[in-house]
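Structural overview for review
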Amino acid sequence: MYRHRHGEGHAHPHTHGHDHGDTHEHVGPDGTVFRHSHDGHGHHEHEHDHGHTHDHEHGHGHHEHGHDHTQAHDHRHRPDRPDAIDGGAALNRPRLVTIERDILAKNDALADVNRRRFAGRGVFVLNLMSSPGSGKTTLLTRSLTDLKGRFPVAVIEGDQQTSFDADRIRATGTPAVQVNTGKGCHLDAGMVAQAADRLEAGGQFAGDGVLFVENVGNLVCPAGFDLGETHRVVVLSVTEGEDKPLKYPDMFVRADLLVVNKIDLLPHLTFDVERMIGYAQRLNPSLAVIQLSATGGEGLEEWYDWIADGLAEARAARAATPEAVSAVTPAV
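A quick note: this is a predicted structure, and the numbers were derived from the prediction, not measured. (Residues numbered from 1 in each chain as written. Predicted model: local features only at pLDDT ≥ 70, side-chain atom pairs only at ≥ 80, totals over all residues. Heavy atoms only, no water.)

Let's talk about the overall build of the protein
Each helix and strand in the protein was counted, giving eight helices and 16 strands. Here the protein holds 332 residues, and 43% of them are scored as buried. Long-range pairs, those at least 24 residues apart, make up 67% of the contacts in the protein between residues at least 6 apart in sequence. Surface summary for the protein: the accessible area is close to 16,400 Å², and the carbon and sulfur share equals 50%. (Helix = DSSP H or I, 4+ residues; strand = E, 2+ residues; numbered from the N terminus. Buried < 20%, exposed > 50% of the residue type's maximum accessible area, 1.4 Å probe, protein only. Contact = heavy atoms within 4.5 Å. Areas by Shrake-Rupley, 256 points an atom, 1.4 Å probe, with all protein chains shown as cover.)

Listed below in structure tokens is the structure:
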């Protein structure tokens, strides 16, 4: 590692060589002290334009560099790759981990508020997650059309940009709130709370039904954020790779239901459904699986029965604890 601090000062070249591992001090023309720690290497030459104390640690042969600036910077050299430099990112890793933990802790607290709120209203909340192109929105619009009139439904639609999917959902007659995350790759509990407030404020969804949350399309980020949902549903189509569960294990470990979509295309593919399911249930033995086609209709009744059973459980739980949770919009 080479750590330097530079400020305004003066220029002075100094050259020295060492054949041992001791720490040495050198005094410049103005009395500035330069400390160096060496590890059994030969010639070492520096030229600096500064007036500050600096430390150097080396574990390789000849090294020569010059500086004429006022910034502080770190260089990290890998022993196995002297040419590989990490621009200090590793030094910030403990801080990044701490920040991530703080963010997740705040989100989890908001998710708990959401969960109590939904439970108090008898709402069965499904967090739908998948890769882009899995057919998640097609499955959702087909489900909303077929379930119309059976119980109240509403949708919170998450996308980075546009309202295309929300427009498709509204075309079924279902109330929907679009949440655009911009550069964000997932929904979080605060976003869901605010969207639920909008649905309630507009009188579009009072509860006692099913709230579908269609998350941003990817198999990585959404897995890490609890929204206060009742169940997590991961949708995977047969046009994707069989090894998706192994590549993105966290998503499948945290899911309650795996929906295998586009099974009508299986005669035209080499996709091994049982192998993929085996990978997923190896990670999560309790993972339920439903195979269906959102366009062809195969397996949809099993999917609808699963939803209806979940709503019945949510209603029964609310009856057992009738105290409704007041609406809360957590600070975000």
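Right, picking up where we left off after that structure.
Quick word on the pairing of strand S13 (residues 210-214)
Judged by how many residues are buried, S13 sits mostly within the fold: five of five residues are covered. Here S13 shows no split at all, with Val 210, Phe 212 and Glu 214 on one side and Leu 211 and Val 213 on the other all buried. The sheet contact formed by strand S11 (residues 153-159) and S13 spans five bridges and is parallel. Among the inter-strand pairings, Ala 154 is bridged to a residue of S13, identified as Leu 211. (Pairing = 2+ DSSP bridges.)

Some thoughts on the environment of Ala 316
Assignment of secondary structure puts Ala 316 in helix H8 (residues 300-320). Classification of Ala 316 by relative accessible area gives partly exposed; the value is 47%. When the C-alpha positions of Ala 316 and Gly 122 are compared, they lie 8.0 Å apart, and in sequence the two are 194 residues distant.

Details of the state of the cysteines
For the structure shown, the criterion picks out one disulfide. The disulfide bridge from Cys 185 ends at Cys 221, spanning 2.3 Å between sulfur atoms. Around the S-S axis, the bridge from Cys 185 to Cys 221 shows a dihedral of about -95° and counts as left-handed. Taken as a pair, Cys 185 in the loop between strand S12 (176-180) and helix H4 (189-201) and Cys 221 in the loop between S13 and strand S14 (231-237) lie far apart in primary sequence, 36 residues in all. (Disulfide = S-S within 2.5 Å.)

Things to note about unusual backbone geometry
In this model, Thr 162 sits at a positive phi of 70°, which is unusual for a non-glycine residue. Within the element layout of this structure, Thr 162 appears in the loop between S11 and helix H3 (164-170). Here the phi dihedral of Asp 208 falls at roughly 55°; this positive angle occurs in a residue that is not glycine. Along the chain, Asp 208 falls in the loop between H4 and S13. With relative accessibility at 26%, the residue Asp 208 sits in the partly exposed group.

Section: the packing of helix H2 (residues 136-147) against H8
Here H2 crosses H8 at 70°, and the two axes come no closer than 11 Å. On the basis of their axis angle, the class for H2 and H8 is roughly perpendicular. Seen from H2, the contacting residues are Leu 139, Arg 142, Ser 143, Asp 146 and Leu 147; seen from H8, they are Leu 300, Trp 303, Tyr 304 and Ile 307. (Axes fitted to C-alpha atoms, helices over the stretch in contact; angles between N-to-C directions. Parallel < 35°, antiparallel > 145°, perpendicular 65-115°, else oblique.)

What to know about the environment of Val 125
Assignment of secondary structure puts Val 125 in strand S10 (residues 124-130). Discounting chain neighbours no more than four positions away, the residues touching Val 125 are Phe 118, Leu 211, Val 213, Glu 229, Thr 230 and His 231.

A look at a negative patch on the surface
A cluster of acidic residues, Glu 301, Glu 302, Asp 305, Asp 309 and Glu 313, forms a negative patch on the protein surface. Here Asp 305 is to be found in helix H8. (Patch = residues over 30% accessible without salt bridge, like charges linked within 9 Å, V, L, I, M, F, W, Y side chains within 5 Å. Salt bridge = Lys/Arg side-chain N within 4 Å of Asp/Glu carboxyl O. Lys, Arg positive; Asp, Glu negative; His and termini not counted. Charge placed at Lys NZ, Arg CZ, Asp CG, Glu CD.)

Examining the environment of Pro 249
Its place among the elements puts Pro 249 in helix H6 (residues 249-254). Its relative accessible area of 32% is what places Pro 249 among the partly exposed residues. In this structure, the C-alpha to C-alpha distance between Pro 249 and Tyr 279, residues 30 residues apart in sequence, is 9.4 Å.

Concerning the confidence of the model for the protein
Caution applies to low-pLDDT parts of the model: their predicted coordinates are not meant to be read in detail. When pLDDT is averaged along the protein, the result is 80, and 67% of the positions lie at 70 or above. A low-confidence stretch, residues 324-332 (pLDDT under 50), is modelled with 24 contacts involving residues beyond four sequence positions or located in other chains. (pLDDT = per-residue confidence, 0-100.)

Concerning the nonpolar core
Counting 27 residues, the largest nonpolar core has Phe 212, Trp 303 and Ile 307 as the members making the most contacts within it. For this core, the secondary-structure elements that each account for two or more residues are S10, H2, S11, S13, S14, strand S15 (257-261) and H8. Looking at this core, the element that brings in the most residues is H8, giving six residues. Residue contacts for Trp 303: discarding those within four places in its chain leaves Leu 126, Leu 128, Leu 139, Ser 143, Phe 212, Val 233, Leu 257, Val 259, Ile 290 and Leu 292. The next biggest cluster of nonpolar side chains, apart from the first, holds 18 residues, and it includes Met 251, Leu 258, Val 260 and Ile 263. (Core = buried A, V, L, I, M, F, W, Y, C linked by side-chain atoms within 4.5 Å.)

Details of the pattern of salt bridges
Evaluation of the coordinates by the stated rule reveals 15 salt bridges. Ionic pairing is found between Asp 208 and Arg 315, a salt bridge with its closest N-O pair at 2.9 Å. Of this pair, Asp 208 sits in the loop between H4 and S13 while Arg 315 is found in helix H8, placing the two residues 107 residues apart along the sequence. Its salt-bridge partner being Glu 229, residue Arg 232 comes within 2.6 Å of it at the nearest N-O pair. Residues joined in a network through salt bridges with shared partners are Arg 117, Arg 121, Asp 197 and Glu 200.

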